[in-house]
Amino acid sequence: MAAALRAFLPERAVLYEEEDTRPYECDGLTAYRRLPMVVALPETEEQVRRVLKTCHAMDVPVVPRGAGTGLSGGALPMGDGVLLSLAKFMRVLRVDPLARVAVVQPGVRNAAISDVVSAFGLYYAPDPSSQIACTIGGNVAENSGGVHCLKYGLTVHNVLCVKGYTIEGEPVTFGSEALDAPGYDLLALAIGSEGLLAVSTEVTVKLLPRPQTARVVMASFGDVETAGNAVAAVIGAGILPAGLEMMDRPATHAVEQFAHAGYDLEAAAILLAESDGTPEEVAEEIGRIIEVMKASGAAEVRVSQSEAERLRFWAGRKAAFPAIGRISPDYYCMDGTIPRKRLAEVLGGIAAMEKKYGLRCANVFHAGDGNLHPLIMYDANVADELARAEEFGGEILELCVALGGTITGEHGVGVEKIKQMCVQFSPEELEMFHAVKRAFDPEALLNPGKAVPSNHRCAELGKMHVHGGRVPFPDLPRF
């Protein structure tokens, strides 16, 4: 395979020695690792096209990869396949400040888009916590969100067009720069498809004017249930904050040691609610948020008094994942969604699961849109702790489904949530997913084994579940 790729790629762009491929063995879900057979690092669209055509002709699976910051194993390599890295596609191709769009390559970092267009008073709204490292191609694959997705939406709401290639090397375009595109809405299908349908090489994103001002309310609560109910109260009052985030005490204590954000460490939970817009709009909305928070049982309410303090509040929230990494040898970051009104129930359920599995869990949430990120702490060096963490995480996701939610909000399914896909969807629904996959990739060579399980696989997992076993992935070595 390496020889076939080196026929048109530079020698430095084809890696196959273990010491060279080891950095690509996993993404942010480090519990699952596998060495790729070959890593390809193309620099042009023509090279991407030829990599795909060559792999298709040789019946070799391909796993597309961005920055590798994903948390569901979506970029886990195939031991007998090619890992196709788009890391060298780092150019901003065009910025149109009048149309408020930017055309970028998939390897451009999320935060870099806003940096480039800031001179025009514009920015790109989706802001995942990993935005300084994650790439727009990965954001498209997973439909990433961020702390401001409540008001400004996910990736799918902020991308106009995605261009790329099918596994056969044929060019494909989803969407357009117009407000709508003819035919079916394939753009929404492509965004969040986790690399199963096509490999993106160009993305057109929407840009927004930077708000004139923004301020953050930090409200402290004596218990997590009250904080959860306050979230529903804010939305129920007709207020749509730019961001509405929640952190419980274990999370705030970990973050404060790491980021020194100024959080209330006595509170059982805090809410961060941001208002942005004109000074007059912000002042009016902040007043309403404070009123609702107090009426909902907030023990203390603080408002950011400067831009530096506002950024510090958000820096703490965005540092939650690495902060937990400082206090635990390993952690397992979950990602599920629920109806906002069920937030208190889920928090109570997670607390009971901590006792059941004997593991700690810090909770951070995109509370405004019901997207949960429980952080289960474990030590992989202790026998069966990883297994317990996986079972704990699986039970959280199944509780989300039972309460009317879903198993993922923005991290994707990858290899992590295969079992829960069998819980969320019926055999008939899964077969429809596979029919869509076959329409784009009949031989199932693009990112095989990810996101959508076969009904045969669900039957295997269901049998294991009935008999009390944990979900087996014997072909995925754990470390």
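Just so it is clear, the structure is predicted and the values come from calculations on it, not from any experiment. (Residues numbered from 1 in each chain as written. Predicted model: local features only at pLDDT ≥ 70, side-chain atom pairs only at ≥ 80, totals over all residues. Heavy atoms only, no water.)

A. Fine view of the nonpolar core. Judged by nonpolar contacts, the single largest core of 85 residues is most densely connected at Val205, Met246, Met293, Leu343, Ile376 and Phe392. In this structure Val205 touches Arg100, Val101, Ala102, Ile113, Tyr124, Ile136, Asn158 and Val159, once residues within four positions along its chain are discounted. Core analysis: the second largest hydrophobic core is formed by 28 residues, Leu5, Ala13, Leu83 and Leu84 among them. (Core = buried A, V, L, I, M, F, W, Y, C linked by side-chain atoms within 4.5 Å. Buried < 20%, exposed > 50% of the residue type's maximum accessible area, 1.4 Å probe, protein only. Contact = heavy atoms within 4.5 Å.)

B. Structural detail: the packing of aromatic side chains. Under the criterion given, the structure shown has 6 aromatic pairs. Arranged with centres 6.1 Å apart and planes meeting at 45 degrees, the rings of Phe174 and Phe440 form a pair that is tilted. Linking Phe174 in strand β9 (residues 171-175) with Phe440 in helix α16 (residues 427-440), this pair joins segments that are 266 residues apart in sequence. Of the residues examined, Phe174 reaches a relative accessible area of 4% and is grouped as buried. Taken together, a centroid distance of 6.5 Å and an interplanar angle of 35 degrees make the contact between Tyr263 and Phe313 tilted. (Phe/Tyr/Trp six-rings, centres within 6.5 Å; stacked < 30°, edge-to-face > 60°. Helix = DSSP H or I, 4+ residues; strand = E, 2+ residues; numbered from the N terminus.)

C. Examining the environment of Gly195 more closely. As for its placement among the helices and strands, Gly195 is situated in the loop between α7 (186-190) and β10 (199-206). Once the C-alpha coordinates of Gly195 and Gly414 are considered, the two residues, 219 residues apart in sequence, prove to be 9.8 Å apart. Setting aside residues up to four positions removed in sequence, Gly195 forms contacts with Pro64, Ala141, Leu446 and Asn447.

D. Local environment of helix α4 (residues 110-117). Burial within α4 is extensive, with 6 of its 8 residues counted as buried. Looking at the packing, one finds that the buried side of α4 touches β5 (92-96), β6 (101-104), β7 (122-123), α5 (136-142) and β10.

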